[in-house]
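Now for the letters of each chain:
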Amino acid sequence: MLSLKKLFLIFLKIGAFTFGGGYAMVSIMQKEFVEKEGLVTDEEFLDITAISQSLPGPIAVSTSLFIGLKLRQKKGATVALLGTILPSLTAIIVIATFYHLIRDIEQIQYFFNGIRPAIIALILLAAIKLSKPLPRTLFNIIIVILSFISIVFFNIHPIFVIIACGFFGFIFHRKGGSV
Amino acid sequence: MSYIRLMIAFIKIGAFSFGGGYAMLPVIEEEVVHINQWLTESEFIDIIAISQMSPGPIAINSATFVGYTHLGLPGAVLATLSVIAVPFLLVLFISQFLNKYRDSNFIKGVFSGIRPAVIGLIAAACISLVDTSITDIYSGVIFLVILLTLIKFKLHPIGAIFISGFLGMVLYAI
């Protein structure tokens, strides 16, 4: 079993080095807990991501809470949460204090300009990795394409897409379809 | 600005902003700029810049920033805890519920639909970032280099973040 200290340290590392927001954090959690430590299966991670996306609030926070809960119950969730938010909290306080000094340093702007396109590569690969445990059935392929199109082209809010797809899944499952 | 108002505003942000990341910005803007007027529009745009310089979720970043600039360290901690209060309770509640009904046909069916949808949602999140992130030839090059390096050499994402930052410093300085 993973010790609380190790759990905290993994989340602290993720919290400290993930620039680029929640989705980038989720891609690193996948790397650490599924690929490296083997503590969460592909399918469990996909489910955790799915629920976190359906909940309000930061996705990375919900995802880390679910992983913490799964590995070490409530203490694990608390430890995971602290590891996730402490670096962010500290960084903001430091940056807020010195923002007027660093705002105009070009090198810093360049560094973050460089990170932004890399975040897309990270998230894209996370989507591909997350799709691995899914069987390549017609139902799954249609849902992936439908949910993508409804957001990109029709601007439908993700929460409605998730509710609708959950409903389709329920109907299809009940009719005995193999999903 | 009282602690109570700060707490209520960020509990609301945590409870009503779906979709994560930049999708949360309109809800944060409404509370922080329009309803409570803690920040002006241009200060709010600074938050986005500051969040990009800080690790962690953007909602946490903006909570800490607003709390800190208005009520110091206690404000920073209070706003941060407020924004995660509702998600925290929801996760505890939902995981208990799921442990109980994991094997029911209803839950199985619903998840069989949600799982593939998540893949579509994440792919869509990539597209929405392209506009603001891949803006010129340099950012295009960085995107391709990092993508190929991640696939070919199984580079750790944290390594990828730092390499891309240094590529940015080198390329844009030329």
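Every chain is numbered on its own, with residues counted from 1 as its sequence reads. All chains are assigned letters beginning at A, and all ligands numbers beginning at 1, according to the order in which they are written. Only residues with pLDDT of at least 70 are given local features in this predicted model, and only at 80 or more are side-chain atom pairs given and counted; all residues enter the totals for whole chains, interfaces and linings. Side-chain numbers come from the whole structure's heavy atoms, not from hydrogens or water.

Looking at the overall build of chain B
- Labels follow the DSSP assignment, with helices taken as runs of H or I lasting at least four residues and strands as runs of E lasting at least two, numbered in each case from the N terminus. Counting its secondary structure elements, chain B contains seven helices and zero strands.
- Ordered by position from the N terminus, the helices and strands of chain B form the series α-α-α-α-α-α-α.
- All radius of gyration figures rest on C-alpha atoms, and the globule criterion is 2.2 Å times the number of residues raised to 0.38. Taken over C-alpha atoms, the radius of gyration comes to 20 Å for chain B, far larger than the 16 Å a tight globule of 174 residues would show.
- Considered along the principal axes of its C-alpha atoms, chain B spans approximately 50 × 50 × 25 Å.
- Split into buried and exposed, the 174 residues of chain B put 51% on the buried side.
- For the accessible areas, the method is Shrake-Rupley and the probe is 1.4 Å, while residue cover comes only from the protein chains on display. If you sum the accessible surface of chain B, you get close to 7900 Å²; carbon and sulfur atoms cover 70% of it. Per-residue accessibility, obtained with a 1.4 Å probe over protein chains only, is compared with the maximum for each type, and a residue is labelled buried under 20%, exposed over 50%, and partly exposed between these values.

A few points about the overall build of chain A
- Regarding its fold elements, chain A presents seven helices and zero strands.
- Listed by position from the N terminus, the elements making up chain A come as α-α-α-α-α-α-α.
- With the C-alpha coordinates aligned to their principal axes, the bounding extent of chain A is approximately 60 × 45 × 25 Å.
- For chain A, the proportion of its 179 residues judged to be buried stands at 54%.
- For chain A, the share of sequence-separated contacts (at least 6 apart) that also reach a separation of at least 24 residues comes to 57%.
- Surface summary for chain A: the accessible area is close to 7800 Å², and the carbon and sulfur share equals 68%.
- In this tally, Lys and Arg are treated as positive and Asp and Glu as negative; His is ignored, and so are the chain termini. A charged residue contributes its charge at one atom only: NZ of Lys, CZ of Arg, CG of Asp or CD of Glu. Seen as two clouds, the 16 positive and the 9 negative side-chain charges of chain A have centres 5 Å apart. Whether two residues are in contact is decided by their heavy atoms, any of which lying within 4.5 Å being enough.

Concerning the interface of chain A and chain B
- Between chain A and chain B, the residue contacts involve 89 residues of the former and 86 residues of the latter.
- In this assembly, chain A packs against chain B so that about 8000 Å² is buried in total across both faces, 81% of it on carbon and sulfur atoms.
- Its largest share of buried area at the contact with chain B, chain A owes to A:P56, A:I92 and A:I120, together 8% of the area lost on that side.
- By definition here, a salt bridge exists when the distance from a side-chain nitrogen of Lys or Arg to a carboxyl oxygen of Asp or Glu is within 4 Å. Remark: the boundary between chain A and chain B carries one salt bridge.
- Between A:D47 and B:R115 there is a salt bridge, with the nearest N and O atoms lying 2.4 Å from each other.
- Two N or O atoms form a polar contact when they lie within 3.5 Å of each other; inside protein one atom must be a possible hydrogen donor and the other a possible acceptor, and for residues adjacent in sequence the pair counts only when both atoms belong to side chains. If you look at where chain A meets chain B, you find ten residue pairs in polar contact (both at pLDDT 80 or more). Buried area is a sum: the accessible area each of two parts loses on coming together, probed at 1.4 Å, counted once for each and added.

A closer look at the side chain of B:E31
Residues and elements named next belong to chain B.
- With respect to the helices, strands and loops of the structure, E31 is situated in helix α2 (residues 25-35).
- Taking relative accessible area as the criterion, E31 reaches 6% and is therefore assigned buried.
- The residues contacting E31, other than those within four sequence positions of it, are A9, K12, I13, N36 and Q37.

Examining the environment of B:P57
- Among the structural elements, B:P57 can be located in the loop between α3 (41-53) and α4 (58-101).
- Residues contacting B:P57, with those up to four places away along its chain left out, are A:G22, A:M25, A:P58, A:A60 and A:V61.

Side note on the confidence of the model for chain B
Residues and elements named next belong to chain B.
- Here chain B averages 89 in pLDDT, and 97% of its residues register 70 or above.
- As a per-residue quantity, pLDDT reports the predictor's confidence and falls between 0 and 100. Within chain B, the element-level pLDDT minimum falls on α3, averaging 81, and the maximum on helix α6 (residues 137-153), averaging 94.
- For this predicted complex, the interface confidence reaches an ipTM of 0.85, while the overall pTM sits at 0.86.

Side note on the nonpolar core
- A:M29, A:F33, A:I67 and B:F10 are the most contacted members of the largest nonpolar core, which totals 109 residues.
- Looking at this core, the element that brings in the most residues is helix α4 (residues 59-102) of chain A, giving 18 residues.
- Beyond its immediate sequence surroundings of up to four residues, B:F10 is in contact with B:V32, B:W38, B:S62, B:A63, B:V66, B:A79, B:S82 and B:V83. Each nonpolar core is a collection of buried residues, namely Ala, Val, Leu, Ile, Met, Phe, Trp, Tyr and Cys, held together in the definition by side-chain atoms within 4.5 Å.

Here's the deal with the packing of aromatic side chains
- Each aromatic pair joins two rings of Phe, Tyr and Trp (for Trp, the six-membered one) with centres within 6.5 Å, and gets the label stacked for planes under 30 degrees apart, edge-to-face for over 60, and tilted for any other angle. Going through the model one piece at a time under the given rule, you end up with twelve aromatic pairs over all chains.
- Judged by centre distance (6.3 Å) and plane angle (85°), the ring pair of A:F19 and B:F162 falls under edge-to-face. One end of the pair, A:F19, is in the loop between α1 (4-17) and α2 (22-36); the other, B:F162, is in helix α7 (residues 157-173), on a second chain.
- A residue is classified by how much of its surface remains accessible, and A:F19, at 10% relative accessible area, is buried.

A look at the packing of α2(B) against α3(B)
Residue and element names in this part refer to chain B.
- For helices, the axis comes from a line fit to the C-alpha atoms of the stretch in contact; other axes are also lines fit to C-alpha atoms, and the angle between any two N-to-C directions lies between 0 and 180 degrees. The contact between α2 and α3 brings their axes to 10 Å, and the two run at 140°. With respect to α3, the axis of α2 lies oblique. At the point where α2 passes α3, the crossing takes the right-handed sense. Two secondary-structure elements touch here, α2 through L25, I28, E29, V33 and H34 and α3 through E41, F44 and I48.
- Each residue belonging to the contact of α2 with α3 can be placed in one class, and the counts come to five nonpolar, one polar and two charged. Put simply, angles under 35 degrees are roughly parallel, angles over 145 are roughly antiparallel, angles from 65 to 115 are roughly perpendicular, and the rest are oblique. Should the near helix be turned counterclockwise from the far one by less than a right angle, the crossing is left-handed, whereas a clockwise turn marks it as right-handed. Note on residue categories: nonpolar means Ala, Val, Leu, Ile, Met, Phe, Trp, Tyr, Cys or Pro, charged means Asp, Glu, Lys or Arg, and polar means any other residue, Gly included.

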